[in-house]
Number of protein chains: 2
Amino acid sequence: MNQSDDQNPLRNLLLRVAYDGTDFYGWQIQPLRPTIQGTLTSAIKKVCGEQVQVHGAGRTDAGVHACGQAANVKLASRIPCSNLMKAVNDHLPESIRILSVQEVPLHFHARHDVHSKIYCYRMFREKICLPRLSRFVFPFPYPLDEAAMQEGARDYAGTWDFRSFASADRSQDSEEKSYVRTIFSSLLERRGDELVYTVEGNGFLHHMVRNLMGTLILVGRKQISSDAIRKILAVRQRSAAGPTVPARGLHLLSVNYPSAALI
Amino acid sequence: MNQSDDQNPLRNLLLRVAYDGTDFYGWQIQPLRPTIQGTLTSAIKKVCGEQVQVHGAGRTDAGVHACGQAANVKLASRIPCSNLMKAVNDHLPESIRILSVQEVPLHFHARHDVHSKIYCYRMFREKICLPRLSRFVFPFPYPLDEAAMQEGARDYAGTWDFRSFASADRSQDSEEKSYVRTIFSSLLERRGDELVYTVEGNGFLHHMVRNLMGTLILVGRKQISSDAIRKILAVRQRSAAGPTVPARGLHLLSVNYPSAALI
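Residues numbered from 1 in each chain as written. Chains lettered and ligands numbered in written order. Predicted model: local features only at pLDDT ≥ 70, side-chain atom pairs only at ≥ 80, totals over all residues. Heavy atoms only, no water.

Digging into empty space enclosed by the protein
- All told, the structure shown has one cavity of 30 Å³ or more when counted by the stated rule.
- The calculated volume of the largest cavity comes to roughly 100 Å³.
- Around the largest cavity, the lining residues are A:Leu130, A:Pro131, A:Arg132, B:Ala18, B:Tyr19, B:Asp20, B:His65, B:Ala66, B:Cys67, B:Phe136 and B:His251.
- Put simply, the parts of the chain that give the lining of the largest cavity at least two residues each are β1 (11–19) and β3 (65–75) of chain B.
- In terms of residues, the lining of the largest cavity owes the most to one element, β3(B), which gives three residues.
- By residue class, the composition of the lining of the largest cavity is seven nonpolar, two polar and two charged. (1 Å grid on protein atoms, 1.4 Å probe; cavity = no way out; pocket = protein on both sides within 12 Å on 5 of 7 lines; lining within 4 Å. Points joined across faces, edges and corners; volume = space filled by probe spheres on them. Helix = DSSP H or I, 4+ residues; strand = E, 2+ residues; numbered from the N terminus. Nonpolar A, V, L, I, M, F, W, Y, C, P; charged D, E, K, R; others polar.)

Encoded structure:
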């Protein structure tokens, strides 16, 4: 990591980032594969000459998109925020854009300080999915009881142990000590040709949003009743919930911080 | 080309096709490179076992998109139109979709019978272009006198010799005998963050829409006045008009035929 010196003490910057995740192996840096974190790190190095750590609010999986990912970086460079944003964007592929850069206190951390994150999942309901949408939606043109799904979606709200909705692959979640999360809002709605699920929570387990949506599909297909959601939460077994829907329909819309953390 | 036989006389089908042109070398079939025409031809062969000619209404360039390209194919297969559409879509990448298939008279030809084509050109006016739009718009965040451009755009309407707006590279247009085309409507308008140029004409020369838009940019930058359009048309020299704007902002919206051609 970079070091401050007497002339240039480190500053801490919060970046808001959008990306089309289709052509990346997810957020987290990996050797020899394009990732969002790796691409941002290289672009910042090109602009500032510093090897920074890009701390993301969360690690999105391969194929997942964002229009409001957040990350912080500590760097010594004195470059003004708006110039940094412009210069780094000039060194990024167009599939990644920094939307804003702001100075935050040195103790701010993009993951530890999260108050809530909002995700949405876009399902395309018509038979033929237009090519300009296909990177960003999951095409599912089969019959669904959407009203029952909307009812089921509401049952996710609250503070629950979400073990039934966590990836069975624990290797990615080895840091997790608890499966308890609070979902502040959970809403499924029709928007034109799409069925859009929007969920805000204080945190999400690996694959959790995709498993919440996959379970709503079971409700929509009448394979389980909409009141089965409570039972699936209670049993705390991954096998009780529905399948993991594809990454490409998932979008990280925004990451919210308590205002006290930013000043 | 395929042949009819006594049991299966050829039938003629009109396909409406949408594509994200980003990853293709344009419409026209080429050896060893992915093209829209080539990809459609292969998919139809896989489904019907017939090597058909896919006659497009026009050859879009590399990177140009379509949500309403038209093409006709003659084939002997008796497969119903809706089954053909579904099966061919299953053999196409998601970046190309057949939107409809209809039976048309044997003499119908997707290029010769065109009454009009509608193109639009999408220019993105804000500083930061969201990754989910960047394949489909030309980012141009610099100052423009949009009102003058709107006025200039109207001057393209009518029947004119468009030589000033034709690609200087004649190799692609060697069939062209005349530069005269009729523009039925020519409208530039603001739609949110975008400046969208929509033009309908009985035909377009190679690069013509991109050159019409490039010339409107000269108007917007005040490098020429909006009434200069008429003079540029009159001088019939490519060098008088503006630059060719990038392919990625161009979309073939629809191809219209006289109803008599279709029945």
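Focus: the packing of helix α3 (residues 146–154) of chain A against helix α4 (residues 208–220) of chain A
All names here are of chain A.
- Contact geometry of α3 with α4 gives a least axis separation of 8 Å together with a crossing angle of 140°. By the angle between their directions, the pair α3 and α4 is classed as oblique. Seen along the crossing, α3 lies across α4 with a hand that is right-handed. Contacts between α3 and α4 involve Ala-148, Met-149, Gly-152 and Ala-153 on the former and, on the latter, Leu-216, Ile-217, Val-219 and Gly-220.
- A breakdown of the residues in the contact of α3 with α4 according to their chemical character gives six nonpolar, two polar and no charged. (Axes fitted to C-alpha atoms, helices over the stretch in contact; angles between N-to-C directions. Parallel < 35°, antiparallel > 145°, perpendicular 65-115°, else oblique. Left-handed = near helix turned anticlockwise from the far one by under 90°. Contact = heavy atoms within 4.5 Å.)

Observations concerning the packing of aromatic side chains
- For the coordinates displayed, the defined rule picks out 18 aromatic pairs over all chains.
- Between the aromatic rings of A:Tyr19 and A:Trp27, the centroid separation amounts to 6.3 Å while the plane-to-plane angle is 35°, which identifies the pairing as tilted. The two residues A:Tyr19 and A:Trp27 agree in class, both being buried.
- A centroid spacing of 5.2 Å and a plane angle of 85° characterise the contact between B:Tyr119 and B:Phe204, whose relative ring orientation is edge-to-face. Of the two residues, B:Tyr119 is situated in strand β5 (residues 116–124) and B:Phe204 in the loop between β9 (194–201) and α4 (208–220); the sequence distance between them amounts to 85 residues. A single burial state applies to B:Tyr119 and to B:Phe204, both of which are buried. (Phe/Tyr/Trp six-rings, centres within 6.5 Å; stacked < 30°, edge-to-face > 60°. Buried < 20%, exposed > 50% of the residue type's maximum accessible area, 1.4 Å probe, protein only.)

A closer look at the side chain of A:Arg125
Residue and element names in this part refer to chain A.
- Checked against the element boundaries, Arg-125 lands in the loop between β5 (116–124) and β6 (138–139).
- A residue is classified by how much of its surface remains accessible, and Arg-125, at 10% relative accessible area, is buried.
- Here the side chain of Arg-125 touches Glu-146 through a polar contact of 2.9 Å, side chain to side chain.
- Leave out the neighbours within four places in its chain, and Arg-125 touches Phe-140, Pro-141, Tyr-142, Pro-143, Leu-144, Glu-146, Arg-190, Asp-193, Glu-194 and Leu-195. (Polar contact = N/O pair within 3.5 Å; in protein donor to acceptor, adjacent residues only side chain to side chain.)

Section: the relation of the copies chain A and chain B
- The two copies are related by a screw operation: chain A maps onto chain B through 180° of rotation and 0.0 Å of translation along the axis, at an RMSD of 0.0 Å. Both copies of the chain, as the preceding transformation shows, are related through a two-fold rotation axis. Residue A:Arg132, judged by its C-alpha, is the member of chain A lying nearest the rotation axis, at 4.5 Å.
- Interface overlap between copies is the fraction of interface residues in one copy that are interface residues in the other; for chain A against chain B it reaches 100%, indicating a shared surface. (Least-squares fit on C-alpha atoms with pLDDT ≥ 70 in both.)

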